[in-house]
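Coordinate inspection notes
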Amino acid sequence: MPVTAIVGANWGDEGKGKMTDALASQSKIVIRYQGGSNAGHTIINEYGKFALHLLPSGVFTPGAINVIGPGVAFHTGDFFKELEQLLAKGVPAPDIRISDRAQLVLPYHQLFDELEEGRLGDRQFGSTKKGIAPFYSDKYLKLGVQVADLFEEQRLRERLEAALAAKNVLLPHLYGHTPLSADDLIGKLLQDGARLAPYVCDTGKLVRDALARGEQLLAEGQLGALRDPDHGIYPFSTSSSTLAGFATVGAGVPPASITRIVAVTKAYSSCVGAGPFVTELSGDTADELRRRGGDAGEFGATTGRPRRMGWFDAVATRYGCEVQGATEVALTNLDVLGYLDAIPVCTAYELAGGAHTEQFPVSARLDEARPVLRTLPGWNTDISAARQFAELPPAAQQYVLELEKLIGVRIRWVSVGPRREQLIDRG
Ligand code: GDP
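Residues numbered from 1 in each chain as written. Predicted model: local features only at pLDDT ≥ 70, side-chain atom pairs only at ≥ 80, totals over all residues. Heavy atoms only, no water.

1. Quick word on the nonpolar core
Nonpolar side chains in soluble globular proteins tend to be buried together. This is how the line gets drawn: Take the buried residues of types Ala, Val, Leu, Ile, Met, Phe, Trp, Tyr and Cys, join any two whose side-chain atoms come within 4.5 Å, and each joined set is a nonpolar core. Only protein chains enter the calculation, and the probe is 1.4 Å; a residue is then buried if its accessible area is under 20% of its type maximum, exposed if over 50%, and partly exposed in between. Going along the chain from the N terminus, every DSSP run of H or I of four or more residues is numbered as a helix, and every run of E of two or more is numbered as a strand. Contacts are residue-level and defined by heavy atoms, with any inter-residue pair within 4.5 Å sufficient.
Counting 40 residues, the largest nonpolar core has Leu-289, Leu-334, Leu-337, Trp-379, Leu-392 and Tyr-399 as the members making the most contacts within it. For this core, the secondary structure elements donating two or more residues are α9 (283-292), α10 (314-324), β15 (328-332), β16 (342-350), α12 (394-407) and β19 (411-415). If you tally residues by element for this core, the top one is α12, at 7 residues. Discounting chain neighbours no more than four positions away, the residues touching Leu-334 are Ala-267, Trp-379, Ile-383, Leu-392, Tyr-399, Val-400, Val-414 and Ser-415. In terms of nonpolar packing, the next biggest core, distinct from the first, is built from 35 residues, Leu-55, Leu-150, Ala-182 and Ile-186 among them.

Below is the structure:
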């Protein structure tokens, strides 16, 4: 199994970071292949608690090579900030390689993200304002700046001037903001280049050579299937593909090398930001689940925003697993539900007009969908010390098996707490 992809089956925040950290020891190389520092992976291990935004989750695993692939939206300041936080907590200096083809999130991307969300007002998308949408817009407009451009001053200046030409028309006329100058950016970017140089290489070659030697690789997705721009809840999607299939592009691994796809899902639902969320709860029920969820309540790892909470959504999760091409599922946060006597699960959607469907609808149909719920027995006990499936109370086992039937993919992993060792492998 040369490449394992660990990806989200839902809206993100499923616990991918924990699963990558737990499985990283089996892999020589851990690769981030899309997105930027706009989402966080929470990891709790012997060094403490970390929220990784840009660094691959293999940075705690001795001997692992951590690759930031060409598909990533790379922010130099965020990269060094995270690395320094790791070293300050006593983590040994990780082996990190940054693709020379990765493109840079620049200050004007963040500025445009803020200005545009401000302009949209009530209609905004709930951006984390990390510049990700303007970054990917520039990339596909061929106005991006690659990491390798930092080492060629003349080329860097030309790339910046090309990127700023149209922006400097929009800034005063659409946003009432003063124009920007390449001269103001270039000095700092050249300094960034000098700091980054030891980490930069052709990661495509590194990865292909490792595969040729028969080594195991782990590709780590960010956010989840429902945030994919093509298959998700567009326009409340992110700007790069969140699918395992995109690892072939964003990491540069051959399509046929991805033989194992672990789709991560929570035992309930959570969602940050705007957009349709069919099983959403409100009031005290939502507050209690939010307070008990995750390792310290369900609040965004990047933004601190309270996450929207809902019951497990089998329609969305089955679809998420299908578009990911999941070969196995990791079910996280099962311990969180241990306070409930009975647990509702969404098995179908009711659409306008009353028809029921088990297929995840296109965005135009999703707003009107209502959850059809079935209630499963709760176990009302703490399961966080269980390490074998048989140690779980019968109702918790039944909950897992019922979800497995509903989503149609084997649940191999059951996570019963945020720490690395709180994990059941059903084999
Ligand atoms: P990611 O972006 O998919 O890595 O997910 P996040 O880190 O944003 O959110 C997952 C949250 O659940 C974090 O607070 C984790 O520490 C926490 N977590 C992961 N697995 C478990 C689990 O099995 N039980 C509990 N209680 N928390 C978990």
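So, next bit.
2. A word on the site of the ligand
Applicable threshold: Any residue with a heavy atom positioned within 4 Å of a molecule or strand is treated as near that molecule or strand. Two N or O atoms form a polar contact when they lie within 3.5 Å of each other; inside protein one atom must be a possible hydrogen donor and the other a possible acceptor, and for residues adjacent in sequence the pair counts only when both atoms belong to side chains. Accessible areas in this description were obtained via Shrake-Rupley with a 1.4 Å probe; residue shielding takes into account the shown protein chains only.
If you check the shell around the ligand, you find 20 residues, and the closest are Gly-17, Gly-40, Thr-42, Asp-295 and Ser-415. Within the backbone of Gly-17, an N or O atom sits 2.7 Å from an oxygen atom of the ligand. Between the ligand and Asn-333, the relevant distance is 2.9 Å, taken from an oxygen atom to a main-chain nitrogen or oxygen of the residue. Here the ligand loses 98% of its free accessible area of 580 Å² to cover by the protein chains. For the shell around the ligand, the elements supplying multiple residues, two or more each, are α1 (16-23) and β3 (41-45). Top contributing element to the shell around the ligand by residue count: α1, with 3 residues.

3. A closer look at α12
Worth spelling out the cut-off: For a helix, the expected span equals 1.5 Å multiplied by the residue count minus one.
Look at α12: 20 Å from first C-alpha to last across 14 residues, which is about the 20 Å you get at 1.5 Å a residue. Extensive coverage of α12 is indicated by the burial of 10 of its 14 residues. Within α12, burial applies to Ala-395, Ala-396, Gln-397, Tyr-399, Val-400, Glu-402, Leu-403, Glu-404, Leu-406 and Ile-407. Of the surrounding secondary structure, the elements contacted by the buried residues of α12 are β14 (312-313), α10, β15, β16, β18 (370-377) and β19. Among the residues trailing α12, Gly-408 stands out with phi positive, at a value near 75°.

4. Digging into the environment of Arg-370
Note on placement: Arg-370 falls in strand β18. Taking the C-alpha atoms as reference points, Arg-370 and Leu-87, separated by 283 residues in sequence, lie 47 Å from one another. If we skip the residues at most four places from it in the chain, Arg-370 touches Val-278, Ala-348, Tyr-349 and Glu-350.

5. Notes on the sheet that holds strand β2 (residues 29-32)
For clarity, the threshold we go by: Two strands form a pair only when DSSP identifies at least two bridges running between them. The axes used here are C-alpha line fits, helices contributing only the stretch in contact, and every angle between their N-to-C directions lies in the interval 0 to 180 degrees.
Taken together, 10 strands build an open sheet; the order of strands is β9-β7-β5-β2-β10-β1-β11-β15-β19-β20 and the sheet is mixed. In the strand order of this sheet, the two ends are held by β9 (200-201) and β20 (423-425), each with one partner. When β15 meets β19, the two strands line up parallel, connected through 3 bridges. Bridging across to β19, Val-329 finds its partner in Ile-411. Across the face of the sheet, α10 comes into contact with β1 (3-8), β11 (258-266) and β15 while running at roughly 160° to β11.

6. Topic: the packing of aromatic side chains
Stated precisely, the cut-off is as follows: Here the aromatic set is Phe, Tyr and Trp, taking the six-membered ring for Trp, and pairing holds for ring centres within 6.5 Å; pairs whose planes are under 30 degrees apart are stacked, those over 60 apart are edge-to-face, and all others are tilted.
Here the structure, examined in full by the defined rule, presents 12 aromatic pairs. Between the aromatic rings of Phe-50 and Phe-60, the centroid separation amounts to 4.8 Å while the plane-to-plane angle is 50°, which identifies the pairing as tilted. Residue Phe-50 is located in strand β4 (residues 48-52), and its partner Phe-60 is located in the loop between β4 and β5 (65-68); the two are separated by 10 residues in the primary sequence. Owing to a relative accessible area of 6%, Phe-50 belongs among the buried residues under this scheme. Residue classification places Phe-60 among the buried positions, given a relative accessible area of 4%. Aromatic side chains Phe-79 and Tyr-199 sit 5.4 Å apart centroid to centroid with 80° between the ring planes, which places their arrangement in the edge-to-face category. Here Phe-79 is found in helix α2 (residues 76-88), whereas its partner Tyr-199 is found in the loop between α6 (182-196) and β9, with 120 residues between them in sequence. Here Phe-79 falls in the buried class, since its relative accessible area comes to 0%.

7. Focus on the pattern of salt bridges
Let me state the cut-off plainly: By convention in these notes, a salt bridge is any Lys or Arg side-chain nitrogen within 4 Å of a carboxyl oxygen on Asp or Glu.
Throughout the structure, instances matching the rule amount to 29 salt bridges. With a shortest N-O distance of 3.3 Å, Glu-215 and Arg-213 are connected by a salt bridge. When its relative accessible area of 56% is taken as the criterion, Arg-213 is described as exposed. Among the salt bridges present, the one from Arg-260 reaches Glu-328, with a minimum N-O distance of 2.9 Å. One end of the pair, Arg-260, is in strand β11; the other, Glu-328, is in strand β15, and 68 residues separate them in sequence. Side by side, Arg-260 and Glu-328 carry an identical accessibility label, which is buried. A single salt-bridge network, built from bridges that share partners, covers Asp-13, Lys-266, Glu-298 and Arg-307.

8. Comments concerning unusual backbone geometry
Note the cis peptide between Tyr-234 and Pro-235, where omega equals 5°. By the element assignment, Pro-235 lies in the loop between β10 (217-224) and α8 (247-250). Positive phi, normally seen in glycine, also occurs at Asp-13, with a value near 60°. Relative to the elements of secondary structure, Asp-13 occurs in the loop between β1 and α1.

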